[in-house]
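# Coordinate analysis (summary)
Residues per chain are reported as follows:
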Amino acid sequence: VSSHRELMHLAVALIATVADQTPAQGFDRRVIRRTDLAAMGAARMSDLIELAGATRSSVDGLTFTAALDRLPASGVSSPGMPTLTVLIDGIPIPSTALGQTMLEWLPVAIHEVDSVVVTPGPTTPGSVLAPRGTIAIYRTPARRGPTVNATLRVGDETGDPGPFRYTTESSPNVEKIGPFVDVTAAYGGRRLTADAGYARVNFNAGDSILLARFPAGALTAEHQYSALRSIRGGLAWRGGGDHRAVVSRTTHTGLVFVPPLGREQPVDASSAVVAVSGQVTRRSLTVAYTGNAANLDVNGFRSESPLVVGHERSSLFGSIDVARTLSRWSIAMGASGERQRVRMDTSGRDTSRATGRIHAALALGASTGARVSVGVGASIADNAAVDQHVDVVVPATTATTIHARFVGMQRIPESGAAWADRRVLGVASAEPPSVARFALGAEHRSRLRLAATGTVDRAWNWSVFAEPSPYAGGDPRDRSEVSGTATIVGTTLSAATTDSSRVVVSAFYDWSTIVSASEVMRDALQSTPRQEVRVVVRATPFASVRFAVTMARMSGTRWLSVDPATTLATTPPVERLDLSGEKWMWERRIRVQAVFRNVLNRPERYHPLGAQWNRRTLLTASFTLPRPN
Amino acid sequence: VASRARSARLASLGAANAVATLFVAGATAQAQSPEAYSQIAVRVERVTPVSIGRLAPLYRMAPGVGVAVEVPAEFGSVGVALSRFSYHRRPDGPAPDFTADVRTLAWRSPALRVRRARLTAGGKLADFSMAFADSALVEGLRDERELLVAATVRAEIAVTSRLALSFDVDAGRIMFNNPVDLRTVSAGAVWFSRSPDWLRRFLQ
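Residues numbered from 1 in each chain as written. Chains lettered and ligands numbered in written order. Predicted model: local features only at pLDDT ≥ 70, side-chain atom pairs only at ≥ 80, totals over all residues. Heavy atoms only, no water.

## Some points on the overall build of chain B
Spelled out, the test is: A run of H or I in DSSP becomes a helix once it reaches four residues, and a run of E becomes a strand once it reaches two; helices and strands are each numbered from the N terminus. Relative accessibility under 20% of the residue-type maximum defines a buried residue, over 50% an exposed one, and the middle range a partly exposed one, all with a 1.4 Å probe and only protein chains included. In this analysis, two residues are considered to be in contact whenever any of their non-hydrogen atoms come within 4.5 Å of each other.
Of the regular secondary structure elements, chain B holds 2 helices and 9 strands. Along the chain direction, N to C, the helices and strands of chain B fall in the order α-β-β-β-β-β-β-β-β-β-α. In chain B, buried positions account for 46% of the 204 residues. For chain B, the proportion of contacts with a sequence separation of at least 24, taken over those separated by at least 6, is 62%.

The following block contains the structure:
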């Protein structure tokens, strides 16, 4: 009987999992707090991409293609390659389409974000396979009683022609940024919390580099004035555990750059997401679940281009994870499944597929002491894939911790977005890629937080475009793809003073170099900046006033995926000085902020085909009731 | 033209020097400044252009009027202002007339007091909003906005405890693609009042 009981315990233990297998400490993760977001003047969800230290490219400054690791982003990498994963309160939310990272479509507004945890390399949060890292967004928990927030932001880029437009010194008009409007209402009860929000983003892409690519008169106001409208709602309740649900619907009209095509497409898109998550804990057993249903309907409109990206895609995702802690051991297991469907506007033909993943992990050690965690997973999609990770945490002193981590993912199946993009763009599937990362780092926490991490990244079978996208003529879908291998060594250094002082200084430096790579990968990797440094000084001289200075430098890039006959296929190093001043009024119910970006007016471009940004201003006014804590 | 440009350069250099001197001197005078948000100052002024930089061959700028509201802050004072100017085209100029509404956010150093005079210096950020009298353009394209950044020096001479005369010298730059330097002098009257309690609480 005793052995049967033990077997029963073992069986229960084997169907257990931890919600997040990655180490709890900072290590190679970056944490962005609400204060960081406010002080740098984050106005839209896409501003997170810059703060996350992601390599990013943008043609219009509104939509971004981002990569958290050091591998080439979409447009240089072919459409089937993995992209970064976005989680909101632990729920994976589809956020990539046509190669773009569409954070504006997420069911969360920037002022609702409490913190963001960025894992820059391959990781497996719960049952989700994230080969290119995660941006995990955590929303601010609702306060008891009703709360209302309304935020308005307007901005402008300097460099307009003014009266010189009537002279030979005329120059094109430049971007109008905003208005961005966010309104949120919430009610927090003892067990139930509900919130609802509306967001509007307007953006006038008027840069001459961008407009010069179109025949005169081809672009209408609808093309140039991008408009996003979003409504969202959320519910959270405590009862037999913690459970939450979010829902959102977003419409987006305007010119959207499609990186795999290397050109813009006028689109009228609507996106809808419903997502749920929760966990129930009974003694040492925790059961966690997540699920989402997403739909994206993209329509081309008034397009001069022969290409058609009009389609509808939908996905259904669900996961269950179970974890059990036994003394110093914890054991975890989980499973997830996803079903995707794509219907092309041109043919009306439906294509669908189903994928699944199971995983298990074992951890030994106390959360504050030495700890070892080992996990394996297997994915079943178009091909069978495996992944594994080993984490070791060793406290060297009371303030210093040494970390080591290995993550390997072999024959990574196409993500839902990559699979759908391939079908829409009519590109055949490539051999599945593999990635591995080894990281070794140390972290010291006292009045100063110091972290140093060295990494070795390797990618096999990574598929990139073999030749530039023909902008002027030809069909970009005819480009061939080539697979390659690369090994990249890098280091990340960060330092920050404690948040409690009046002056807070934080610094971040990231450097990498290609150790070995096939020729095609070596060329493709030139599109990724090899160095980035960022220093932020935040000062609060008076209780209701805060200033911030941000200095950043990112090395230049070269894009062999861009047709050099059309434009220079390089971007210069970005050297930016940003200033921000904030003032709170009416016992912090009202916040006003002035942000100046690129004060030195240095060339700022994130894509060879993209706009060049001048010095620009952003003014924010935010009203919150009742008074924030 | 060269001598005018030289005097404009000297004027801006002088304004910058004065700003720096007054900033340092004003910082030592902070202890004498009124409590933050305890006072409100309303100013009406006439603004006269000294130099309009690269716009001079195209336009003649007429004197404008401005209204400003200022309050002492935790350090120095802050204020908002609205002023309006008219730019009239030169007889042979290619560009049409335009009206500029300038919405300004200003900060000034704590005052340096010399007998009845108070000297301050500071900086201004403004939205230089233009409306062109160009009927050939559709309505939305007749307006254009640009950032104006300026350094400013002010002398105030108290007439009574509540009334003062003020004289400003401003040196600014409109951040067009071809930046335009703008230098103005202003003269006006300021009326001081104690801030109502609700306003003080609001601003704190």
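## Description of the overall build of chain A
Helix and strand counts for chain A come out as 7 helices and 33 strands. Taking all 629 residues of chain A together, the buried fraction comes to 57%. A sequence separation of at least 24 residues applies to 64% of the contacts in chain A between residues at least 6 apart.

## Quick look at the pairing of strand β21 (residues 384–395) of chain A
Residue and element names in this part refer to chain A. We apply this condition: Pairing between strands is defined by DSSP: at least two bridges between them are needed.
The pairing of strand β20 (residues 371–380) with β21 spans 10 bridges and is classified as antiparallel. In the strand pairing of β21, G377 is matched with D387. Once β20 ends, the chain turns through 3 residues before running back antiparallel as β21. Pairing of β21 with strand β22 (residues 400–410), which is carried by 10 bridges, proceeds in the antiparallel orientation. Its bridge partner lying in β22, P395 is registered against T401.

## Description of the confidence of the model for chain B
Residues and elements named next belong to chain B. Worth spelling out the cut-off: Scored from 0 to 100, pLDDT reflects the predictor's confidence in each residue.
Scored by pLDDT, chain B has a mean of 85; 81% of the residues are at 70 or more. Mean pLDDT values over the elements of chain B span from 53, in helix α1 (residues 2–28), up to 96, in strand β8 (residues 163–174). For this predicted complex, the interface score ipTM comes out at 0.80, alongside a pTM of 0.87.

## Remarks on the environment of G375(A)
Residue and element names in this part refer to chain A. Mapped onto the elements of the fold, G375 is located in strand β20. Since its relative accessible area comes to 3%, G375 is described here as buried. Between the C-alpha atom of G375 and that of V407, which follows or precedes it by 32 residues, the distance is 9.4 Å.

## Some points on the nonpolar core
Residues and elements named next belong to chain A. Rules: Residue types Ala, Val, Leu, Ile, Met, Phe, Trp, Tyr and Cys, when buried and joined through side-chain atoms within 4.5 Å, form a set referred to as a nonpolar core.
Counting 31 residues, the largest nonpolar core has L37, M45, L48, L106, V116 and I137 as its most contacted members. Elements represented by at least two residues in this core include exactly α3 (47–51), β4 (85–88), β8 (113–119), β9 (134–139) and β15 (263–282). Grouped together as the second largest cluster of nonpolar side chains are 30 residues, F180, M344, A420 and V595 included.

## A short note on the interface of chain A and chain B
The condition that has to hold: Reported buried area values correspond to the accessible surface (1.4 Å probe) lost by two parts on association, with both partners' losses combined. Any Lys or Arg side-chain nitrogen located within 4 Å of an Asp or Glu carboxyl oxygen qualifies as a salt bridge.
Residue-level contacts link 27 residues of chain A with 31 residues of chain B. When chain A packs against chain B, close to 2,300 Å² is buried across both sides, 62% of that on carbon and sulfur atoms. Among the residues chain A hides against chain B, the three largest losses belong to P163(A), F164(A) and Y166(A). Together they make up 28% of the total. Linking chain A with chain B are 3 salt bridges, by the criterion used here.

## A few points about the pairing of strand β31 (residues 574–585) of chain A
Residues and elements named next belong to chain A. Where burial is concerned, most of β31 is hidden: 9 out of the 12 residues are buried. For β31 and strand β32 (residues 590–597), the ladder comprises 7 bridges, and the chain directions are antiparallel. Residue pairing for β32: G581 is matched across the bridge by A594. Linking two consecutive strands that pair antiparallel, namely β31 and β32, is a turn of 4 residues; a positive phi of about 50 degrees is found at W586 within it.

## Points about the sheet that holds strand β1 (residues 30–33) of chain A
Residue and element names in this part refer to chain A. One open sheet accounts for 5 strands, arranged β1-β8-β9-β4-β5; its pairing is mixed. Where the open sheet ends on each side, the last strands, each with one partner, are β1 and β5 (91–92). Note: β4 against β9, 4 bridges, orientation parallel. Note on β9: the bridge partner recorded for L87 is A136.

## Quick word on helix α6 (residues 416–425) of chain A
Residue and element names in this part refer to chain A. Summarising burial for α6: 9 of the 10 residues are buried, a large majority. Residues of α6 that are buried include every one of G416, A417, A418, W419, A420, D421, R422, V424 and L425, and no others. Those residues of α6 that are buried are in contact with β6 (96–97), β14 (242–258), β17 (311–326), β18 (329–344), β19 (350–365) and β25 (481–497). Of the residues flanking the end of α6, it is G426, one or two places downstream, whose phi is positive at about 70 degrees.

## Thoughts on the side chain of Q340(A)
Residues and elements named next belong to chain A. Formally: Distance and chemistry together define a polar contact, namely a pair of N or O atoms within 3.5 Å, with one atom able to donate a hydrogen and the other to accept it when in protein, and with adjacent residues in sequence counting only for side-chain atoms on both sides.
Tracing the backbone shows Q340 in strand β18. A distance of 3.1 Å separates the side chain of Q340 from the side chain of E338, its partner in a polar contact. A distance of 2.7 Å separates the side chain of Q340 from the side chain of R353, its partner in a polar contact. Those residues in contact with Q340 that lie beyond four places of it in its chain are S314, S315, T351, S352, R353, G416 and W419.

## Structural notes on the side chain of S622(A)
Residue and element names in this part refer to chain A. Of note, S622 is situated in strand β33 (residues 616–625). A polar side-chain atom of S622 sits 3.4 Å from a polar atom in the side chain of N149. With residues near it in sequence (within four places) discarded, S622 still touches N149, A150, T151, R589, I590 and R591.

## Observations concerning a nonpolar patch on the surface
Residue and element names in this part refer to chain B. Stated precisely, the cut-off is as follows: Note on patches: the residues involved have over 30% relative accessible area and no salt bridge, like charges join within 9 Å, and the nonpolar side chains Val, Leu, Ile, Met, Phe, Trp and Tyr join within 5 Å. Per-residue and other accessible areas follow the Shrake-Rupley method at a 1.4 Å probe size, with only the shown protein chains counted as cover for residues.
Where nonpolar side chains cluster on the molecular surface, the patch consists of V42, V44, V67, V69, V80, L105, I157, V159, L163, L165, F167 and W191 and spans about 970 Å² of accessible area. Secondary-structure elements contributing two or more residues to the nonpolar patch are β1 (39–51), β2 (59–72) and β8. Per-element tally for the nonpolar patch: the top contributor is β8, with 3 residues. Among the structural elements, V69 can be located in strand β2.

## A word on the environment of V504(A)
All names here are of chain A. Mapping V504 onto the fold places it in strand β26 (residues 503–517). On the basis of relative accessible area, V504 is assigned to the buried category, the value being 8%. On a C-alpha basis, the gap between V504 and V31 in space is 15 Å, while along the polypeptide they are 473 residues apart. Residue contacts for V504: discarding those within four places in its chain leaves T497, T498, D499, V536, V537 and R538.

## Things to note about the pattern of salt bridges
Residue and element names in this part refer to chain A. What the rule picks out here adds up to 54 salt bridges over all chains. Ionic pairing is found between E582 and R591, a salt bridge with its closest N-O pair at 2.9 Å. Considered together, E582 and R591 belong to a single accessibility category, that of buried residues. Taken together, the shared-partner salt bridges in this structure form one network comprising E50, R534, R576, D578, R597, E604 and R616.

## With respect to the packing of aromatic side chains
Using the following cut-off: For this analysis, a ring pair means two rings from Phe, Tyr or Trp (six-membered ring only for Trp) whose centres lie within 6.5 Å, classed as stacked if their planes differ by under 30 degrees, edge-to-face if by over 60, and tilted for the remaining angles.
Taken as a whole and judged by the stated rule, the model has 12 aromatic pairs over all chains. Their ring planes at 15 degrees and their centres at 6.1 Å tell us that W586(A) and F623(A) sit as a pair that is stacked. Of this pair, W586(A) sits in the loop between β31 and β32 while F623(A) is found in strand β33, placing the two residues 37 residues apart along the sequence. By relative accessible area, which is 34% here, W586(A) ends up partly exposed. Ring plane angle 80 degrees and centroid distance 6.3 Å describe the contact between Y87(B) and F128(B), whose orientation is recorded as edge-to-face. Residue Y87(B) is found in strand β3 (residues 77–89), and its partner F128(B) is found in strand β6 (residues 117–132); the two are separated by 41 residues along the sequence. The class of Y87(B) is buried, set by a relative accessible area of 1%. Relative accessible area serves as the criterion here: at 0%, F128(B) is assigned to the buried category.

## With respect to the environment of R328(A)
One can find R328(A) in the loop between β17 and β18. Sequence-distant contacts of R328(A), that is, excluding residues within four places in its chain, are made with A363(A), L364(A), G365(A) and A366(A).

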